Amino acid sequence: MNRLKGKIKHVERSDNISLVIVDVMGQDITSIVLQGEKNPIYTVGQDVYVLFKETEVSIAKDFSGEISLRNRFHCKVKSIDTGKLLSRVNMRWNEEDISSIITTASVKRLSLKEGDEVLAFVKTNEISIMEL
Amino acid sequence: MIEISVRKKLKGKISEFELNIDIRIESGDFVAVFGKSGSGKTTLLKMIAGLINPDEGFINVEGEVWFDSRKKINIPPQKRRIGFVFQDYALFPNMTVEENILFAMDVKDYRSLDEILKLMEIENLRERKPETLSGGQKQRVALARALARKPKILLLDEPLSALDLETRLKLQDEIGTVHRRFNLTTIMVSHDFSEIFKLSNRVFVLSDGKVIKSGKPEDIFIQEKISGKVKFSGQVLKIEKEDVVFIVSVLVGNNVIKVVSVEDEIKDIKVGDTVLIASKAFNPFIMKV
């Protein structure tokens, strides 16, 4: 899984659900969790990890237009492990590594290669928070 | 209920320290005792067995007083209803399997002997001497001998740590079966997380002669607090490589769950390990069956 260290910046709560906004190296990463006003456990200022699975990371190249996904990382492609059906794209974001597993067909369609500048997207409901 | 409140000065590797333990164990519990070597785990087991005397304190087992320093009560080991299994088997080398087991009985009971031999699947070994047996077979005999005493408490001191993985997994199942079938209260010293997860419902963590933590194994050992609401712990059955990912089969209860994983995620995971599977509450489908 991808794991980035950050600090909770803001928590927006309803009864049972919270949107937790984590500052990861100056960038806002949002997670939605089942923890609302009834049992709030996350607090502003708390150090946490944000976790997301490689298979939940989408990749865009030359992206334009609007998209609902709010978690986005400007990355540079470091290397690509190509399999028959699936490929692993290893990227660098700031000082961190982020990996994505997408279909080999998509790697070809985007003609992804080492050194490409890409946007990696992760849906809010795919981000988990782990306390340190 | 077993109540243990004992104190004893012990010589540690570096300096003297005091073993100071106050615990209560419910009858029928399977308790794991976990801690570094020299933390007093084995001493605790031996005190319950009557092989080491506390300096002061008491040990009450289901209403019977086994030890009480104030009332000067100290029931001898052979009168305490315990079965003890050691890591090094401690079988009598000059006796056959059958003789080893009969020796542990206060009254020689051949019907119960046959029953235990059958249960532990060692009927065909009854005339054999310990030196001709494999490690797994020896530990079956040691377990059979412990059961021959019709114990209330089964004490296991790292019973499986000298055995290979396959034998260990099989004997773990059998220890679990024996624990339930004879309504035992079992206290096991172990360093193996997956063994503790599989068998025990309560863990005491010992450090320098004191209990520093106690609770359910999942509360003690799963320190990584992931926000995922869908969580299972299970045992890894198989890891298969497929393209750039790995398919991990995990036994959760009676179901095999398959999880797709990547190399760095599973690099410390091997077949037989107990693992946590977590997912966000937003992901699973739910449908009526």
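Residues numbered from 1 in each chain as written. Chains lettered and ligands numbered in written order. Predicted model: local features only at pLDDT ≥ 70, side-chain atom pairs only at ≥ 80, totals over all residues. Heavy atoms only, no water.

J.: Please clarify how the overall build of chain A should be interpreted in this entry.
T.: For chain A, the count of helices and strands is one helix and ten strands. Looking at the 132 residues of chain A, the share that counts as buried comes to 47%. Sequence-distant contacts, at least 24 apart, represent 59% of the contacts inside chain A between residues at least 6 apart. Total accessible area on chain A stands at roughly 6800 Å², and carbon and sulfur atoms take up 48% of it. (Helix = DSSP H or I, 4+ residues; strand = E, 2+ residues; numbered from the N terminus. Buried < 20%, exposed > 50% of the residue type's maximum accessible area, 1.4 Å probe, protein only. Contact = heavy atoms within 4.5 Å. Areas by Shrake-Rupley, 256 points an atom, 1.4 Å probe, with all protein chains shown as cover.)

J.: Sorry if this is basic, but what is going on with helix 4 (residues 135-148) of chain B here?
T.: Side chains three or four residues apart in an α-helix point the same way, a direct result of the helix having 3.6 residues per turn. Residue and element names in this part refer to chain B. With 14 residues, helix 4 should cover 20 Å at 1.5 Å per step; its first-to-last C-alpha distance of 20 Å lies within 8% of that length. Residues of helix 4 that are buried include every one of Gly136, Gln139, Arg140, Val141, Ala142, Leu143, Ala144, Arg145, Ala146, Leu147 and Ala148, and no others. Check the buried side of helix 4 and you find it contacts strand 7 (82-85), helix 2 (97-104), helix 3 (110-119), strand 8 (153-157) and helix 5 (165-181). Looking one or two places after helix 4, you find Lys150, whose phi comes out positive at around 45 degrees. (Expected span 1.5 Å × (residues − 1).)

J.: For this particular structure, what's the right way to read the packing of helix 2 of chain B against helix 3 of chain B?
T.: When two helices pack together, you describe them by how their axes are tilted relative to each other and by the distance separating the axes. Residues and elements named next belong to chain B. Following both chains from N to C, one finds helix 2 and helix 3 inclined at 125 degrees, their axes separated by 11 Å at the closest point. In terms of their interaxial angle, helix 2 and helix 3 are classed as oblique. In this structure, helix 2 meets helix 3 at a crossing whose hand is right-handed. In this structure, helix 2 uses Val97, Glu98, Ile101 and Leu102 to contact helix 3, whose residues at the interface are Tyr110, Leu113 and Leu117. Residues that form the contact of helix 2 with helix 3 fall into these classes: six nonpolar, no polar and one charged. (Axes fitted to C-alpha atoms, helices over the stretch in contact; angles between N-to-C directions. Parallel < 35°, antiparallel > 145°, perpendicular 65-115°, else oblique. Left-handed = near helix turned anticlockwise from the far one by under 90°. Nonpolar A, V, L, I, M, F, W, Y, C, P; charged D, E, K, R; others polar.)

J.: Help me out: how do you make sense of the confidence of the model for chain B in this one?
T.: Close inspection of predicted coordinates is inappropriate in any region flagged by low pLDDT. For chain B, per-residue confidence averages 89 on the pLDDT scale, and 97% of positions sit at 70 or higher. Mean pLDDT across the elements of chain B bottoms out in strand 12 (residues 225-226) of chain B (63) and peaks in strand 9 (residues 185-189) of chain B (96). (pLDDT = per-residue confidence, 0-100.)

J.: Sorry, what's going on with the pattern of salt bridges here?
T.: Note on pairing: side chains with opposite charge can pair once their charged atoms come close. Residues and elements named next belong to chain B. For the coordinates displayed, the defined rule picks out 24 salt bridges over all chains. Ionic pairing is found between Asp22 and Arg7, a salt bridge with its closest N-O pair at 3.4 Å. Highlighted residues: Asp22 in strand 2 (residues 16-25) and Arg7 in strand 1 (residues 2-11), separated in sequence by 15 residues. Between Glu56 and Arg7 there is a salt bridge, and its shortest N-O distance comes to 3.3 Å. Placement of Glu56 in strand 4 (residues 56-61) and of Arg7 in strand 1 is noted, with a sequence separation of 49 residues between them. We classify Arg7 as buried; its relative accessible area is 16%. Taken together, the shared-partner salt bridges in this structure form one network comprising Glu121, Arg140, Lys170 and Glu174. (Salt bridge = Lys/Arg side-chain N within 4 Å of Asp/Glu carboxyl O.)

J.: Looking at this structure, I do not really get the nonpolar core. What am I missing?
T.: Nonpolar side chains tend toward joint burial in soluble globular proteins. Ranked by size, the top nonpolar core spans 33 residues in total, and within it Val97, Ile101, Met120, Ile122, Leu143, Leu156 and Ile175 of chain B carry the most contacts. Of all the elements in the fold, those that place two or more residues in this core are helix 2, helix 3, helix 4, strand 8 and helix 5 of chain B. With seven residues, the single largest contributor to this core is helix 4 of chain B. If sequence neighbours within four positions are ignored, Leu143 of chain B has contacts with Val85, Met120, Leu154, Leu156 and Ile175 of chain B. Ranked by size, the runner-up nonpolar core spans 30 residues in total, among them Ile8, Val22, Leu112 and Ile129 of chain A. (Core = buried A, V, L, I, M, F, W, Y, C linked by side-chain atoms within 4.5 Å.)

J.: Can you walk me through the interface of chain B and chain A in this structure?
T.: Where the parts come together, the accessible area they lose is often given as the size of the interface. Across the boundary between the two partners, chain B contributes 19 residues, which contact 27 residues of chain A. The junction of chain B with chain A conceals about 1900 Å² of combined surface from both sides, 54% of it contributed by carbon and sulfur atoms. Of all residues in chain B, Val244, Lys280 and Phe282 of chain B bury the most surface against chain A, accounting for 30% of the area lost on that side. For the pair chain B and chain A, the interface holds two salt bridges. For the salt bridge of Lys53 of chain A with Glu265 of chain B, the shortest nitrogen-to-oxygen distance reads 3.5 Å. Put simply, chain B and chain A have ten residue pairs in polar contact (both at pLDDT 80 or more) between them. (Buried area = accessible area lost by both parts, 1.4 Å probe. Polar contact = N/O pair within 3.5 Å; in protein donor to acceptor, adjacent residues only side chain to side chain.)

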